[in-house]
Amino acid sequence: MEKEMAEEILRHAPVDGILLTGAANMRYVSGFTGEGYVYLSGKQSLIVTDSRYTVAAALECPGYQIVQWDKKGYYEPLATAVRNDGIRKLGVEDEEMTVAGWEKLCSEMTKAGCGRLQIRPLKDYVTAYRAVKQPDEIRKIREAEAVGDRAFAKLLPRLQAGMTEKQVAAWIEFLMKEEGADGFSFDTIAASGIHSAMPHAVPTDKKLEEGDFLTMDFGCRYQGYCSDMTRTVVIGKASDRQREVYDIVLLAQQTALAGIRPGVTGKEIDALARDVIDKAGYGSCFGHSLGHSVGLEIHEKPCFSPKEKNVIRPGMVITVEPGIYIENSFGVRIEDVVVITEDGCENITHSPKELTEI
């Protein structure tokens, strides 16, 4: 798939050569998982790396020439290729490249005799191709999400008052690894009590106490692709207000899930959930977007957000994660991952969502 996608991207590019330096786009067009860069032109396709990755690159990237840089410098193989290919417009990932990196590239190309070369930002040209997932990509995301489901099922019997948030996070990560995860999509969140009111809380030494909400947001990587899931449970018995807020969040998510279909904008989907929370009187307690795409990166585009004007298309994979966060009290978030289908969506997260009391 990778080589065909690279050819498709190059065929329609506004430049005649492409330099990729971001890990996700390099992997997307070539399968390369190491450090270095990928160069594409109509005449050749290169993986430029060092001796740590040359053997792996040869195995991962059929159809690509593997070049090992040496004492001549990091960009010397690129300059040689650009000269030989007669490249006039080289596109670079400006969202990945630092200002220092840009200046270094321009300087090295000039010193190498490529003074007439125009270096142009690609903006989101390459990443836009990743918005709609191919069937094999969806398969990998589906398995990553299944790893999370299995880990969560194993976790629930282990949860108890007296555990620390750090211990909860450690168990989640251990169980995902045990179930087949290659790594983690992001730093695991385990937030209890008043900490659950912070959407991106960092696990602490705080112990779980009776009456605490415990919000757990976690994800893993499987063959390079990310999963994402959030579940909120209560330690002990839930209060009436906890049940009220939890039910509002669940209804907001169910309402959004029922309304997802191709052709509508991310803004419209976000509004479905946000309206439920607004009408319940908690609008000011839901500050983040309803969801984001997932793939080779945990946060991709498009999103379900108040600003998202792009329409949703079949094959996109997006989270649905409404929340209510009441400062100095508690918070609730429920998150699933859906695949957009021809007439709606398929929820690929299967962990139970009824309020669980531990």
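Residues numbered from 1 in each chain as written. Predicted model: local features only at pLDDT ≥ 70, side-chain atom pairs only at ≥ 80, totals over all residues. Heavy atoms only, no water.

> Kindly report on the sheet that holds strand β10 (residues 220-222), identifying the contributing residues and their values.
Reading across the sheet, the three strands line up as β7-β10-β11 and stay open at both edges, with antiparallel pairing between neighbours. Of all the strands in the sheet, just β7 (183-184) and β11 (225-226) have a single pairing partner and so form its edges. Bridge analysis of β7 against β10 gives two bridges, and the strand direction is antiparallel. Looking at β10, one finds that F184 is bridged to C220. (Pairing = 2+ DSSP bridges. Helix = DSSP H or I, 4+ residues; strand = E, 2+ residues; numbered from the N terminus.)

> I'd like to hear about the packing of aromatic side chains, residue by residue, with values.
Under the definition given, this model contains eight aromatic pairs. Ring geometry for Y74 and Y75: centres 4.9 Å apart, planes at 70 degrees, overall edge-to-face. With centroids separated by 5.6 Å and ring planes inclined at 80 degrees, the aromatic side chains of Y125 and Y129 adopt a geometry described as edge-to-face. Within this pair, Y125 and its partner Y129 are both found in helix α6 (residues 125-129), separated by four residues, close to a single helical turn. On the basis of relative accessible area, Y129 is assigned to the partly exposed category, the value being 22%. Ring pairs connect the aromatic residues Y37, W69, Y74 and Y75, which therefore count as one cluster. For the cation-ring pair, K177 lies above F184, with the distance from its terminal atom to the ring centre recorded as 5.9 Å. The cationic tip of R274 hangs over the ring face of F286; the distance from NZ or CZ to the ring centre is 4.1 Å. (Phe/Tyr/Trp six-rings, centres within 6.5 Å; stacked < 30°, edge-to-face > 60°. Buried < 20%, exposed > 50% of the residue type's maximum accessible area, 1.4 Å probe, protein only. Lys NZ or Arg CZ within 6 Å of the ring centre and 35° of its normal.)

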